[in-house]
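This is what each chain is made of:
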Amino acid sequence: MRLSRWLATVCVLALGANVSALESRAVKTATDKAGNWLVDQYNAGTGTFGKAKHSKMPGFTALVVSALCESPRKYREGIGPFISEPVKQILRHQREDGAIALEGTGLDAYNTALCILALKSVENPAYGKAMEKAAKYLKKCQGKDGGYSYDHNAKQGGDLSQTWLSLEALEAAGIKKDSDEYKNAVKFIRRCQDHPETNPDLEGAGGPGSGGAFYKPGSSAAGNTTGRDGRTSPKPYGTMTAAMIESLLICEMKVDAPEIQAALRWFRENYSVKENPGAGAKGYFYYVLAFAKAMTAVGAREFELSDGRKVNWAVDLAEHLLSIQAKDGSFVNTEPQWMEDDPVLCTAYALKALTLCYQAMK
Amino acid sequence: MRMTTSVVSVLLLAGAAAAADARLEALESIGKARAFLVQQSNDDGTFGKSKERFMPGIPALALYALALAPGERTADEKKVMERTAAFLLKNQQPNGAITIPGVLENYNTSVSAMALKATNDPRYAEALEKARKFILSCQMDEDLGYKKDEHYTYGGFGYGNSRRPDLSNTQFALEALKDLGMDEKSPEFQNALIFVRRCQDNVETNDIAFMKDGDSTGAFIYLPGDTDACSEFGMVKTRSGKELPRPYGNMTYAGVKCLIYCGLSKDTPELKKAWEWISENYNVKEQAGVPAGRGGEGYFYYVVAMAKAFTAAGQKEIETKGGKVNWAKDLAEHLSTLQAADGSFSNKTPRWMESDPILSTSYALIALNLAVKALE
């Protein structure tokens, strides 16, 4: 069975044609299994999913809602309480200042951004006002340097992960592309890339110039590396490099811009659908989401690696995800960092990524 | 030889006599299909060698087909039926479902209940009552947090108790519940009617806003909604310029059957419209209403839905573009041309497992059994 799938992939690549109907149907089935599993985790009464501590956070609920609504089944509130009740919970948590978050978690911007994306995904025009109000709050989380931080007090400073989600949310809320938020964000994002040509922090040769991106200026979850001039610089990894690509595209940068071309070069060197390149198993499911989003935004189905191999990212990623999907439809990471020991979180990320694979394969 | 028989009958006889001839031919097909199923029966009560054979719904469908067959059962058939019934009972879960846990629970339970009930064996009464309760738990109603005005899925039956419902699961559930003695007077059937109505492309009777963009063809979709997730055959552009899920034959016959089981009479706007579509799109050779070249997909499911709908309506003849036709005669005649020498049926199009000869032979046998009844 795996052999025939492999053969099919090889044939498809050889022909340079779209993936066969059977192949994309298998991906659709996997999205169904993941979706059904998530629906089974719905808690009537609280309108949440799963039993983890963080399941009470509206942003967490929102992530599951948008995963289900974006999926090929295109769930909407009318489908059942497992969408309509969580949406009510999201709206109920909106504060006066527009944030949609639990008090005291310190993750107000993440929660608010994810809630905006969920409200967008249910396509109910009645929520336009709530999204607008939430976007207003989110704007307050942008620092002077253009990066978005965990909340409007911005004590920790901005980071690329938060900036990426915030930009997605602002775009979803309909914030016009000529507004300053996007322009300022670009300045920040540039400083998260190992690209001395466009990153003022690394001017000269403060980084190896790989084109990859890291968590925030001067810091990476993957540790450090040495620049061409011997200076220490943060080591890039997959999630942030992908997040950077989509973020810059949201900010209306063109694919042929040097920043994006350098990031794509990094992926040609470090292409992987089996791990978060540069960080291994850590944050793998967040990575697959970011990677699928970036590739979708770039719009390229095929991709030539630095060693000359041609790959189809959607087929590769879907195949690997299918191979690690549990029998019950769920996903979980062996590496617990960033809450990825929670199958609800991993399954929501994986469902979103599989949906994008399916759309690219159709 | 078959050819000569039918040529002779056309020349010498007409009307009822032709039907009688078709009936004899159908009985012959039935005999061969029965023999095939018996020959494929395994000691453990399953049939065939496919890896899906342990899903109770598959042997249950075979048992149902054998139980509905006309005339007496042979000693071999009795033995096969007995051990298949035992297999089904063995698969009954503490919650009453007759299924592999987590796998298409409502389908498996509903078909298993229909099969056990069809044997008329009083020993199964207790198991059937438990199954009935499980099937009812798959209905989207207040117990599961569904509200009539908020959820367009209200009243439908799903795969299990927390899934989205669809018209296919609903038709199997209602069929089973009806066999188990429930009818349109029950609130469950009345709630199901709300759902079934919402699956019909019928502006007059469908109260969902986005279904108002439809062309009122009278045909049915898989579940209410305005996305391609609501039809197994994609989207279709309506006269209003909007795209809506494409209604198709399987669901239309399922819808008609459900409307009748829910107590609607022939002159209601729902059934009138549906029969108009069936008259326009009458086809026994492939599934009606689907895109060109895809009529083979789900064909054997289709023949059962069709035979059930006509049987429920008590309708023997119908006016079509090509004149008045007798569905049972047409269907039986066409099915007999598809039967393999060993008595089996199978679909070249593997969708919905129909390349499995156990499944397709069972479906065909059910349709033939109903056709023979209609031809009496």
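Residues numbered from 1 in each chain as written. Chains lettered and ligands numbered in written order. Predicted model: local features only at pLDDT ≥ 70, side-chain atom pairs only at ≥ 80, totals over all residues. Heavy atoms only, no water.

1. Structural notes on the overall build of chain A
Here is step 1 of the chain: Helix and strand counts for chain A come out as 13 helices and 6 strands.
Here is step 2 of the chain: If one aligns the C-alpha atoms of chain A with their principal axes, the spans along those axes are about 60 × 55 × 35 Å.
Here is step 3 of the chain: Within the span of chain A, comprising 362 residues, buried residues form 60% of the whole.
Here is step 4 of the chain: Intrachain contacts of chain A at a sequence separation of at least 6 include 63% that bridge at least 24 residues.
Here is step 5 of the chain: About 14,500 Å² of surface is accessible on chain A, with carbon and sulfur atoms providing 52% of the total. (Helix = DSSP H or I, 4+ residues; strand = E, 2+ residues; numbered from the N terminus. Buried < 20%, exposed > 50% of the residue type's maximum accessible area, 1.4 Å probe, protein only. Contact = heavy atoms within 4.5 Å. Areas by Shrake-Rupley, 256 points an atom, 1.4 Å probe, with all protein chains shown as cover.)

2. A closer look at the packing of aromatic side chains
Here is step 1 of the chain: All chains considered together, the criterion is met by 28 aromatic pairs over all chains.
Here is step 2 of the chain: Ring geometry for Tyr-253 of chain B versus Tyr-302 of chain B: centroids 5.6 Å apart, planes at 65 degrees, classification edge-to-face. Within this pair, whereas Tyr-253 of chain B is found in helix α9 (residues 249–261), its partner Tyr-302 of chain B is found in helix α11 (residues 299–313), the two being separated by 49 residues in sequence.
Here is step 3 of the chain: Among the residues examined, Tyr-302 of chain B registers a relative accessible area of 0% and is labelled buried.
Here is step 4 of the chain: Residues Trp-275 of chain B and Phe-310 of chain B carry aromatic rings whose centres are separated by 5.2 Å and whose planes lie at 55 degrees to one another, so their mutual orientation is tilted. Here Trp-275 of chain B, found in helix α10 (residues 269–281), pairs with Phe-310 of chain B, found in helix α11; they are 35 residues apart in sequence, far enough to count as distant.
Here is step 5 of the chain: Trp-275 of chain B gets classed as buried once you look at its relative accessible area, which sits at 9%.
Here is step 6 of the chain: The class of Phe-310 of chain B is buried, set by a relative accessible area of 0%.
Here is step 7 of the chain: These aromatic residues form a ring-pair network of at least three members: Trp-266, Phe-267, Tyr-271, Tyr-284, Phe-285, Tyr-287, Phe-291, Phe-303, Trp-313 and Phe-331 of chain A.
Here is step 8 of the chain: When the ring centre of Tyr-182 of chain A is taken as origin, the NZ or CZ atom of Lys-177 of chain A, which lies over that ring, is 5.7 Å away.
Here is step 9 of the chain: The lysine or arginine in question, Arg-268 of chain A, covers the ring of Phe-303 of chain A, its NZ or CZ lying 5.5 Å from the ring centre. (Phe/Tyr/Trp six-rings, centres within 6.5 Å; stacked < 30°, edge-to-face > 60°. Lys NZ or Arg CZ within 6 Å of the ring centre and 35° of its normal.)

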